[in-house]
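Coordinate analysis (summary)
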Amino acid sequence: MNNTKIAEFWNWFIANEHTFYYGTEEDTLREELFVELDAKIKEISEDLAFEFSPILEGEVKQFTLSADGIRDVFPSVISLIEQAPKHPHWEFVAFRQRIDTEDLTIQMGDVEMDVSDIYFRFAEVDDTLGIELNIRGFEDSDQEKMAVFILLDSLIGEYDVVMQIGWIEWVALDERKIGQLSTFVKLRDLVDKRKESGLYNHN
């Protein structure tokens, strides 16, 4: 890991933090700022992604660094957060975090998906968890899969999506078989039980 590049990135970010703190709240500035930030962050890893929260209680804004679900990029995210500076108005977060709600919906282009549109069943082989996702109206497009991955990150967190789920099969939902499947939100309980038991996917 290139610690010099990481230090240079954080020095640049803190020098411009005021612009990002307020500018990402405004539609007119957000896209321009994201292009600039994306170019800087990709000097560390081409696959890094990021997102900002709104300004939260206590006048704190979250800046989340993500591996975009790519396990090989995890060390870059961890190193960046370990070397992140302290700042009273910023919280630097590793990986997309789960959202503590079961009311999750996403729209990406023409794709609109709700957690109620997804069911699953699972198998555990040699301590590795695999899931079959049964998705209402699924047409096997990349955009649909990206939407599902974002819902997965929101449901159980990016780290656990990668570390807990060894494989995914994608299936169009047969409404007649819903009784044989589990609702998508129950995946959170399954993952948490595995974590409590110390089970992780090490492949």
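One structure accompanies this document, and this report is about it. Predicted model, so just to flag it, every value in this text is computed and none were measured. (Residues numbered from 1 in each chain as written. Predicted model: local features only at pLDDT ≥ 70, side-chain atom pairs only at ≥ 80, totals over all residues. Heavy atoms only, no water.)

1. Overview of the overall build of the protein
Broken down by element type, the protein carries seven helices and nine strands. Taken along the three principal axes of its C-alpha coordinates, the protein extends 55 × 40 × 30 Å. Within the protein, contacts between residues at least 6 apart in sequence are counted, and of these 68% link residues at least 24 apart. Surface summary for the protein: the accessible area is close to 11,300 Å², and the carbon and sulfur share equals 46%. With 19 positive and 43 negative side-chain charges, the protein shows a separation of 5 Å between the mean positions of the two kinds. (Helix = DSSP H or I, 4+ residues; strand = E, 2+ residues; numbered from the N terminus. Contact = heavy atoms within 4.5 Å. Areas by Shrake-Rupley, 256 points an atom, 1.4 Å probe, with all protein chains shown as cover. Lys, Arg positive; Asp, Glu negative; His and termini not counted. Charge placed at Lys NZ, Arg CZ, Asp CG, Glu CD.)

2. A look at the sheet that holds strand β8 (residues 165-172)
One open sheet holds the four strands; their spatial order is β8-β7-β6-β9, and the pairing between them is mixed. Every other strand in the sheet has two partners, leaving β8 and β9 (182-183) as the edge strands with one partner each. Running at roughly 130 degrees to β8, helix α5 (residues 142-156) makes contact with β6 (118-125), β7 (128-135) and β8 of the sheet. In the packing of helix α7 (residues 186-196) onto the sheet, the strands contacted are β6, β7, β8 and β9, and the crossing angle to β6 comes to about 25 degrees. (Pairing = 2+ DSSP bridges. Axes fitted to C-alpha atoms, helices over the stretch in contact; angles between N-to-C directions.)

3. Observations concerning unusual backbone geometry
You will see that E59, though not glycine, has its phi angle at about 60 degrees, which is positive. Phi at D68 takes a positive value of approximately 55 degrees, unusual for a residue other than glycine. Structurally, the position occupied by D68 is in the loop between β2 (60-66) and α4 (74-82). Residue D68 is classed as partly exposed on the basis of its relative accessible area, which comes to 36%. (Buried < 20%, exposed > 50% of the residue type's maximum accessible area, 1.4 Å probe, protein only.)

4. Digging into the sheet that holds β2
Strands sit in the order β1-β2-β3 across an open sheet of three strands; the sheet is mixed. For this open sheet the edge positions go to β1 (49-56) and β3 (90-94), each flanked by a neighbour on one side alone. When the angles between neighbouring strand axes are averaged without regard to direction, this sheet yields 20 degrees. Two elements, β1 and β2, share six bridges in a ladder whose sense is antiparallel. Considered in β2, the bridge of I55 is made with K61. Those strands touched by helix α3 (residues 27-41) are β1 and β2, and its axis lies near 135 degrees from that of β1.

5. Examining the nonpolar core
One recurring pattern in soluble globular proteins is that nonpolar side chains are buried together. Formed by 27 residues in total, the largest nonpolar core has its most connected members in F9, W10, F13, L37 and F63. If you tally residues by element for this core, the top one is helix α1 (residues 3-15), at five residues. Setting aside chain neighbours within four positions, we find F63 in contact with F9, W10, F13, L37, F50, E51, F52, W90, E91, F92 and V93. Counting residues in hydrophobic clusters, the runner-up holds 25 residues, among them I118, F138, I165 and L187. (Core = buried A, V, L, I, M, F, W, Y, C linked by side-chain atoms within 4.5 Å.)

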